[in-house]
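A closer look at the structure
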Amino acid sequence: MTSYPQQFLDRAKEFTGNEFDKFIASLSEPPPVSIRMNPFKSIGEFSTEEKIPWSKEGKYLSARPSFTFDPLFHAGSYYVQDASSQFLEEPFLQLKKLLDSPCKILDLCAAPGGKSTHLLSLMNKEDLLVSNEVVPARNSILRQNIIKWGCANVIVTQNEPSDFNRLKGFFDVVLVDAPCSGEGLFRKDKDAIDEWSPEIVYKCSTRQNEILSYAYETLAPGGFLIYSTCTFEEEENDSQVNNLIQKFGLKKIDIENSYEGILTKLNGLAFFPHRIRGEGFYISLLQKESGEKYRIKNEKITGVKNNYKVILEEFLENPNEFYPVFKEGRLFAILNEHKQWFNVLSDNLYIRHAGINLGEIKGEDFIPSESVALSNYLRKDFSYIDFNEKQAIEYLKGGTPEITGASKGWVIARFQTHALGWLKNLGNRINNYYPKPWRIKSDKSI
Ligand code: SAM
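The following refers to the structure shown.

The next point concerns the site of the ligand. Neighbouring the ligand are 17 residues, the closest being Gly114, Lys115, Glu133, Arg138 and Asp177. Interatomic distance of 3.2 Å between a backbone N/O atom of Ala111 and an oxygen atom of the ligand. Within the side chain of Arg138, an N or O atom sits 2.7 Å from an oxygen atom of the ligand. Coverage of the ligand by the protein chains reaches 83% of its 600 Å² of free accessible surface. Elements with a contribution of two residues or more to the shell around the ligand: α5 (114-122) and α8 (198-218). Tallied by class, residues from the shell around the ligand come to ten nonpolar, two polar and five charged.

Structural data, given as structure tokens:
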């Protein structure tokens, strides 16, 4: 039987009232397993599993499969994500109706990428997502998940929220899925219980307050702020939003809630594990009604170097939709309509990934990146080899399965028609180019 800090139990009595016993009992139940399918990489698996009512692509799984040993998981065909968190879809679709496209969306605290990949599934292709994570190791996991989702309308940055002060009034939507005291994760992550204290709650609320003030500044007039946490603490939820309304005069927007069990609170919606099938979660939607909009200087777009154009044509299905940008030794393909936004962001932020990373020029050679292999824009007639499950796992572990009939040069390794990464066939030998940090580390075989 798990024991909880007395001060947490005292607070829980306050926020759950006469539902306290049910709430505490629910924390000992196994958390439901849920995933969200990638609409750009559709697969037949999980088609009969139960739908999450508020998420078009969300599913509850009846059993927990080994995600590590599922090649389709590595191909980015789905993302493992708590069902409550997938409620982001409701306020986002609600505000999307009120926004002109193309628009600029910022996910300020984005790693590991659950909400960013969800937004990419819901946005229009012309819209741009800036997915930001300040912690370097977490930023690398974020990039991996973004790359696997395969979209081109995204830029990953690694900045402090205060850096966004250089872009006052720039974004049409800002999502702050804030670092929090994590009470909503108690049944999934036992360490969160040991780390919890009233001081942590206070520290988190102070930090959230600070992050939100930068989020407010970078939001354009008329733009929307979505605030969410995975805690039950009033101080980090409704009261935090109250401060924001008092301080900046933001307008609260009621999120449509037609679902039994989800609690409508003063400033947002609250999710409790004894009321719904998901973890603890809170979400609020606000609008900035006035302020100054960021002015983009009209820059002349320069011509494209021919040798870059050739690379775009070699790898991309519709190369004319993209503009090549060479940055820190890497060649990125940016959607044409995002060129000016990219310039502004690149002048002000630390960009770690943009659009599709095509690869690096090394001497005479061009080494394609995993980003183009897993992208939804890879040329459809690129050479590939289809692996069975055993071969795919061997490849994902860094091995080179025995294959025959592959054409020479760069070849896509696939599983059930979905790209996993690159192989290079040298004729006498085949090299595995699956990135080392992405490889399956477990010795187990399937
Ligand atoms: N949105 C993510 C998702 O859905 O997968 C989860 C985000 S998690 C709740 C909060 C993130 O904020 C963490 O990745 C953490 O590294 C980051 N973070 C921590 N301190 C921060 C700070 N001072 N400013 C901004 N982000 C911070």
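There is more to say, and it comes next.
Inspection of the secondary structure assignment puts Asp347 in helix α11 (residues 339-348). In the structure, Asp347 is positioned 181 residues away from Arg166 in sequence and 9.8 Å away in space, judged by C-alpha atoms.

Here we take up the environment of Tyr202. With respect to the element layout, Tyr202 can be found in helix α8. Taking relative accessible area as the criterion, Tyr202 reaches 55% and is therefore assigned exposed. The sequence separation of Tyr202 and Ser121 amounts to 81 residues, and the corresponding C-alpha distance is 35 Å.

Read across the sheet, four strands follow the order β2-β3-β1-β4 without closing on themselves; strand pairing throughout is antiparallel. The sheet is open, and its two borders are formed by β2 (50-51) and β4 (78-80), each paired with just one other strand. Bridge count for strand β1 (residues 33-37) against β4 is three bridges, and the pairing is antiparallel. Directly across from Ile35, in β4, lies its bridge partner Val80. Taken strand by strand, α5 contacts β1 and β4, and its axis lies near 40° from that of β1.

Quick look at α11 now. In terms of burial, α11 is a largely internal element, seven of the ten residues being buried. Buried residues of α11: Lys339, Trp341, Phe342, Asn343, Val344, Leu345 and Asn348, and no others.

Calculation notes
Residues numbered from 1 in each chain as written. Predicted model: local features only at pLDDT ≥ 70, side-chain atom pairs only at ≥ 80, totals over all residues. Heavy atoms only, no water. Near = heavy atom within 4 Å. Polar contact = N/O pair within 3.5 Å; in protein donor to acceptor, adjacent residues only side chain to side chain. Areas by Shrake-Rupley, 256 points an atom, 1.4 Å probe, with all protein chains shown as cover. Helix = DSSP H or I, 4+ residues; strand = E, 2+ residues; numbered from the N terminus. Nonpolar A, V, L, I, M, F, W, Y, C, P; charged D, E, K, R; others polar. Buried < 20%, exposed > 50% of the residue type's maximum accessible area, 1.4 Å probe, protein only. Pairing = 2+ DSSP bridges. Contact = heavy atoms within 4.5 Å. Axes fitted to C-alpha atoms, helices over the stretch in contact; angles between N-to-C directions.

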